[in-house]
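# Reading the structure
Letter by letter, the chains look like this.
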Amino acid sequence: MKRIIWIISLFFLFGNTLFSQSVHPGDVDNNGEVNHLDLLYIGIANGAIGPPRAIPNIIFQPYAFTPWGITFPNTGLDYAYADCNGDGIIDFQDRNVIDVNYGFTHGTPVTNTFTEGTPGINPEIKFDSIGFFNPFFQTGLVAINISLATPMLPASDFYGISFTIEYDPDIFCDGICMVNFQPVLDSVFDPSGFSSYEIVRHQNNDPNSGKLEVTVVKNNQSPVDGFGMLGTYVGIIEDNVIDLFGSGFDLNTIIRINNVKLIDEGFTESPVVADSINIHIIKPDSLLNSVEDLELGINIFPNPVK
């Protein structure tokens, strides 16, 4: 009789802990916040199947779940956390739940950590200035390619990368941020199986809050080695940017890549060197103001010319 009572006591002590596990849809890493880093887990677990939740809902609240018995390497997290919609399969639909619940938090979110690389030793994620369109007028377009690694310092066992592009919302925002990240369709990284996600985050045009958070991750459990372009940062200079010039004739603004997390298929992180680029915007009044100015600035020879 005592043995039976002891077994029942163990059930209430440990069994209650086991079945009290809960998931908030979209918070795959269970750190208290839904963000772009959660997509890395979706890419790794893509295609996995397990027991569906009793309540397959995506509303951001805790749901009890049955552990799948499969865990993410180096994290210990059960795959059930990646089943964001609770249907028992991890796929692109779970990526959509991250989109819907992006930015939602619960409890006290845990701050993410990032490993900085050493120039000349670790691969670099960088802005490609070759072919970069530099705007000279207000409402100009800024389009900058973003590449990872080089032939001299390639990325090894690349599976996914997350990073943040920081920009000045006073220049690129006026209520609505006209910025985006366009994933590349052709890359040395073999884009088949790539899934990308990006979101603009800003608040009240605060110059310190302009952020474009990006994740590019494969979904076929096959890492690759190499280097190549990940995508393109695209931003529109706002109409009111001329007010920032004051009495000057040009304006400089820096776009930075920050908070980089590069992983392989086993969720092992590798250090990465981050880059920044200076955008030089020339005030229209400082350029040619008339057709006469244009004519004076051009000489055609020989004359006559074919």
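What you see is a predicted model; the values in this text were computed from it and never measured.

The rules behind these values
- Residues numbered from 1 in each chain as written.
- Predicted model: local features only at pLDDT ≥ 70, side-chain atom pairs only at ≥ 80, totals over all residues.
- Heavy atoms only, no water.
- Salt bridge = Lys/Arg side-chain N within 4 Å of Asp/Glu carboxyl O.
- Helix = DSSP H or I, 4+ residues; strand = E, 2+ residues; numbered from the N terminus.
- Buried < 20%, exposed > 50% of the residue type's maximum accessible area, 1.4 Å probe, protein only.
- Lys, Arg positive; Asp, Glu negative; His and termini not counted.
- Polar contact = N/O pair within 3.5 Å; in protein donor to acceptor, adjacent residues only side chain to side chain.
- Contact = heavy atoms within 4.5 Å.
- pLDDT = per-residue confidence, 0-100.
- Core = buried A, V, L, I, M, F, W, Y, C linked by side-chain atoms within 4.5 Å.
- 1 Å grid on protein atoms, 1.4 Å probe; cavity = no way out; pocket = protein on both sides within 12 Å on 5 of 7 lines; lining within 4 Å.
- Points joined across faces, edges and corners; volume = space filled by probe spheres on them.
- Nonpolar A, V, L, I, M, F, W, Y, C, P; charged D, E, K, R; others polar.
- Phe/Tyr/Trp six-rings, centres within 6.5 Å; stacked < 30°, edge-to-face > 60°.
- Pairing = 2+ DSSP bridges.

Now for the pattern of salt bridges. Two side chains of opposite charge can pair, provided their charged atoms sit close to one another. Evaluated as defined, the whole model comprises two salt bridges. For Asp99, the salt bridge identified is with Arg95, shortest N-O distance 3.9 Å. One end of the pair, Asp99, and the other, Arg95, are both in helix H3 (residues 92-100), four residues apart, so they sit about a helical turn from each other. Note on Asp99: relative accessible area 39%, which makes it partly exposed. Looking at Arg95, the relative accessible area reads 13%, which means it is buried. Among the ionic pairs, Glu269 bridges to Lys261, the shortest N-O distance being 2.9 Å.

As a further point, take the side chain of Asp275. Locating Asp275 in the fold gives a position in the loop between strand S16 (273-274) and strand S17 (276-282). Of the side chains bearing the opposite charge, Lys126 lies closest to the buried Asp275, which forms no salt bridge; the N-O distance is 5.9 Å. At a separation of 2.9 Å, a polar atom in the side chain of Asp275 contacts the main-chain amide nitrogen of Phe127. The contact partners of Asp275, leaving out residues within four places of it in the chain, are Glu124, Ile125, Lys126, Phe127, Arg256 and Ile257.

On to the confidence of the model for the protein. This prediction gives the protein a mean pLDDT of 78; 67% of its residues lie at or above 70. The model gives residues 1-20 a pLDDT under 50, and that stretch makes four contacts with residues more than four places away or in other chains. This model gives residues 288-306 a pLDDT under 50, and the stretch forms four contacts once residues within four places in sequence are excluded.

A separate point is the nonpolar core. Ranked by size, the top nonpolar core spans 32 residues in total, and within it Ile125, Leu148, Ile161, Phe163 and Tyr233 carry the most contacts. Beyond its immediate stretch of four places on either side in the chain, Ile161 contacts Leu40, Ile125, Leu148, Val214, Thr215, Val216, Leu230, Val260, Lys261 and Leu262. Among the nonpolar cores identified, the runner-up in size contains 30 residues, and Leu39, Tyr41, Ile42 and Ile263 belong to it.

Taken as a whole and assessed by the stated rule, the structure comprises one cavity of 30 Å³ or more. Looking at the largest cavity, its volume works out to about 30 Å³. Around the largest cavity sit Pro51, Pro52, Arg53, Phe65, Thr66, Trp68, Ala80 and Asp83, which together line it. Of the residues contributing to the lining of the largest cavity, the split by class is five nonpolar, one polar and two charged.

As for its placement among the helices and strands, Gly88 is situated in the loop between strand S2 (63-64) and H3. Apart from residues no more than four positions distant in its own chain, Gly88 is found in contact with Ala48, Ile49, Gly50, Pro51, Pro52, Trp68 and Asp83.

This paragraph deals with the packing of aromatic side chains. Tallied over the full model, the rule gives five aromatic pairs. Aromatic side chains Tyr41 and Phe267 sit 4.5 Å apart centroid to centroid with 35 degrees between the ring planes, which places their arrangement in the tilted category. Of the two residues, Tyr41 sits in helix H2 (residues 38-45) while Phe267 sits in the loop between strand S14 (250-263) and strand S15 (269-270), which places them 226 residues apart along the sequence. Of the two residues examined, Tyr41 and Phe267, each falls in the buried class. Ring geometry for Phe60 against Phe104: centres 5.5 Å apart, planes inclined by 65 degrees, an arrangement best described as edge-to-face. Of this pair, Phe60 sits in the loop between H2 and S2 while Phe104 is found in the loop between H3 and strand S3 (124-133), placing the two residues 44 residues apart along the sequence. With relative accessibility at 18%, the residue Phe60 sits in the buried group. Connected via pairs of aromatic rings, a cluster forms that spans Tyr41, Phe72, Tyr79 and Phe267.

Now for the layout of surface pockets. To find leftover empty space, one rolls a probe the size of a water molecule over the atoms. By volume, the second largest pocket amounts to about 180 Å³. Taken together, 13 residues form the lining of the second largest pocket, with Asp29, Tyr41, Asn112, Lys261 and Glu269 sitting closest to its centre. The residue makeup of the lining of the second largest pocket, split by class, is five nonpolar, five polar and three charged.

This brings us to the pairing of strand S11 (residues 211-218). Most of S11 sits inside the fold, with seven of its eight residues counted as buried. The pairing of strand S6 (residues 160-166) with S11 spans seven bridges and is antiparallel. The residue of S11 that forms the bridge with Glu166 is Lys211.

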